[in-house]
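Spelled out from the first residue to the last, the chains are:
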Amino acid sequence: MKRDWPLYEVFIRGKRGLNHVHVGSLHAPDDAFAVAHARDVYTRRNEGVSIWVVRADAITASSPDEKDPLFAPSGDKVYRHPTFYEIPADVPHM
Amino acid sequence: MNDESVYDGLLGGDSSQWAFGTDFEDPLAGVDTTVPAGIDATELAVYCLMLGDDTLVLSQRLSEWCSRAPELEEDIALANFALDLLGQARLLLARAAAADPSIVPPLPEGSPVPAEDALAYFREAGQFRNVRMAEVPNGDFAHVVVRLLLFSIARLAVLQRLRGSADAVLAAVAAKGVKELAYHRDWAGRWFVTLALGTDESRRRLLTALEQLWPLHDELFTAHPIEKSLAAAVDPGEVRAEADAVLDQVLAVAEVERPEPIGTRGRTGRDGLHTEALSLMLAEMQVVARAHPMGLW
């Protein structure tokens, strides 16, 4: 039976969160059951106010082999960070 | 630790210590717990036992599914339902004890067992007031789906009216329960349709479970005299039409014919008349508590 149930990735938006955050994955027979399962498995401790589920095979991911060409070039571009500015102490969320 | 309320450790204080915050709600916060004038406290206690025993016994049956469901996700779903119902049972049995302390089984002097636990663990089967639908042994997955569907349709219809109960505690428990039962009913209805329209085998199992549980269906709507006379209660017979309409909708989508009504005669679970399955279930459920009446859990 299990082999017939596709894998879904689950994203939950918490009460204080602004964005949905990946919390894990689960198996479900269809999209509607995936939402129900996500509710049952990942919101038991009062975590969520919104659920997204997506079939794992619908996600296109970067490959670990491409790590260097994708991410290494930004490693020395320190000028892209606002590190040369004085940030007042009472400015939040920087 | 304060053992007066399970919420004390989570309400108030610094919620930032919890990763997702807390924001837990005590369903009885601010509720007037005095028995209102004109309500017979003895009858109120018995009525609370009826509703509370339904949820306690069904919760125990559901928790027997733990680690046995066909999928991990459904295993957790069934455990969640069991905990929802256990929470309702705790509030209802505590209300029963508060309304009429004489119903609480006597325990040794100085026992720390709270009244609702004494009611759950120290009564005999004949003192339980639950409908028999709640107590019959588990079968296969189709069986738990059908049982939950039939029970949650009936209970949700009762709780929707009970939100306006003259007893503020019953009204608060009903308001909490409506949200929980709405999900149970949705889950069970979804699986009912899925199994009915699935394979030949899933449909066969579903119809078998429906046939097994159907003789206990009418009892869900058969009022005990107290459910009729107590002003704070809801007569389950009065919600039958709306409950039937919901069930008919599910049956229509599932292409399942409604079985012929069988009816209920004589004494029922509400009078303390049970199947032998309840005694066996209680023996297992109560054995540890009864061995340690001075125990603190």
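Residues numbered from 1 in each chain as written. Chains lettered and ligands numbered in written order. Predicted model: local features only at pLDDT ≥ 70, side-chain atom pairs only at ≥ 80, totals over all residues.

Considering the confidence of the model for chain A
Predicted coordinates in areas of low pLDDT are best not read in detail.
No. 1: Residues of chain A with pLDDT of at least 70 account for 95%, and the chain-wide mean is 86.
No. 2: At the low end of the mean pLDDT range in chain A sits helix H2 (residues 67-71) of chain A, at 87; at the high end sits helix H1 (residues 31-42) of chain A, at 94. (pLDDT = per-residue confidence, 0-100. Helix = DSSP H or I, 4+ residues; strand = E, 2+ residues; numbered from the N terminus.)

Here's the deal with the sheet that holds strand E3 (residues 48-55) of chain A
Residue and element names in this part refer to chain A.
No. 1: As summarised here, the arrangement of the three strands in space is E2-E1-E3, forming an open sheet in which the pairing is antiparallel. Looking along the sheet, the strands with just one partner apiece sit at the ends: strand E2 (21-27) and E3. The mean angle between the axes of side-by-side strands here comes to 30°, regardless of whether they run parallel or antiparallel.
No. 2: Bridge count for strand E1 (residues 7-14) against E3 is seven bridges, and the pairing is antiparallel. Bridge pairing links Val10 to Val53 in E3.
No. 3: Against the sheet, H1 engages E1, E2 and E3, with an angle of about 135° to E3. (Pairing = 2+ DSSP bridges. Axes fitted to C-alpha atoms, helices over the stretch in contact; angles between N-to-C directions. Contact = placed C-beta atoms within 7 Å.)

Quick notes on the interface of chain A and chain B
No. 1: Of the residues lining the interface, 15 residues belong to chain A; the matching set on chain B comes to 12 residues.
No. 2: Every element with two or more residues in the side of chain A that touches chain B is listed here: E2 and H1 of chain A.

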